[in-house]
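Each chain, letter by letter, is given below.
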Amino acid sequence: MVKASKSLAQKANLTFPAGRITGALKRGRYAKRVSPMAGVFLSAVLEFCTKEVMKLAKEAACRKKQKHHIKPRHICLAVREDEELNALLSKVTIAGGGVVSEVHGAMVGKKKTKSASSGKVKKPKAPKAPKKDKKSKDKKKSSSKSPKKSSPKKE
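In what follows, the accompanying structure is described. (Residues numbered from 1 in each chain as written. Predicted model: local features only at pLDDT ≥ 70, side-chain atom pairs only at ≥ 80, totals over all residues. Heavy atoms only, no water.)

### Structural notes on the pattern of salt bridges
Counted according to the given criterion, the structure contains two salt bridges. For K51, the salt bridge goes to E47, with nearest N and O atoms at 3.4 Å. Taken together, the residues K51 and E47, both in helix α3 (residues 36-63) and four residues apart, mark about one turn of the helix. The class of E47 is buried, set by a relative accessible area of 7%. Its salt-bridge partner being R63, residue E81 comes within 3.2 Å of it at the nearest N-O pair. Of this pair, E81 sits in helix α4 (residues 72-81) while R63 sits in helix α3, and the two are 18 residues apart along the sequence. Look at R63 and you get exposed, because its relative accessible area is 52%. (Salt bridge = Lys/Arg side-chain N within 4 Å of Asp/Glu carboxyl O. Helix = DSSP H or I, 4+ residues; strand = E, 2+ residues; numbered from the N terminus. Buried < 20%, exposed > 50% of the residue type's maximum accessible area, 1.4 Å probe, protein only.)

Right, dumping it as structure tokens:
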């Protein structure tokens, strides 16, 4: 029995076609010589990026309660929420993606504190001066009076 030869993508356990990408690199005349491993590496990078975008788009779709369909809107939200993908695809327009809603910080009002028991808004209280104790006043009065020294009585 003769074993069937495996392609570069199968050897590298990739979904994207490494041979086709290698051919595109050669036809593109990016360099005089192109290694077959360059296509494997590039297909691995493309596959990783695609899986990352699809994972984030799936999470965006689950937040919108549409678990079975990933739409261009979900892909747009996923790309714009991720910092690295947003930097990579900053000048890309996704067809049917819409825009990401954003409210400027100056437009947002300050939050008011509400008590849990009633719906009334509490006003912040001004700090009060510390109260003096009555006991400490009594001690000061008694200590300010000089006790009379009684002379010892002789019997």
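That shown, we press on.
### What about a nonpolar patch on the surface?
Together, F41, L42, V45 and L46 give the surface a local cluster of nonpolar side chains, amounting to about 350 Å² of exposed area. By the element assignment, V45 lies in helix α3. Judged by relative accessible area, V45 falls into the partly exposed class, the value being 36%. (Patch = residues over 30% accessible without salt bridge, like charges linked within 9 Å, V, L, I, M, F, W, Y side chains within 5 Å. Areas by Shrake-Rupley, 256 points an atom, 1.4 Å probe, with all protein chains shown as cover.)

### A short note on the packing of α3 against α4
The contact between α3 and α4 brings their axes to 8 Å, and the two run at 110 degrees. The pairing of α3 with α4 is recorded here as roughly perpendicular in orientation. Two packed elements cross with a definite hand, and for α3 against α4 that hand is right-handed. The residues of α4 that touch α3, namely those facing V53, L56, A57, A60, A61 and R63, are H74, I75, L77, A78 and E81. (Axes fitted to C-alpha atoms, helices over the stretch in contact; angles between N-to-C directions. Parallel < 35°, antiparallel > 145°, perpendicular 65-115°, else oblique. Left-handed = near helix turned anticlockwise from the far one by under 90°. Contact = heavy atoms within 4.5 Å.)

### Here we look at α4
What α4 keeps buried is the set H74, C76, L77, A78 and V79. On its buried face, α4 sits against α3 and α5 (83-88).

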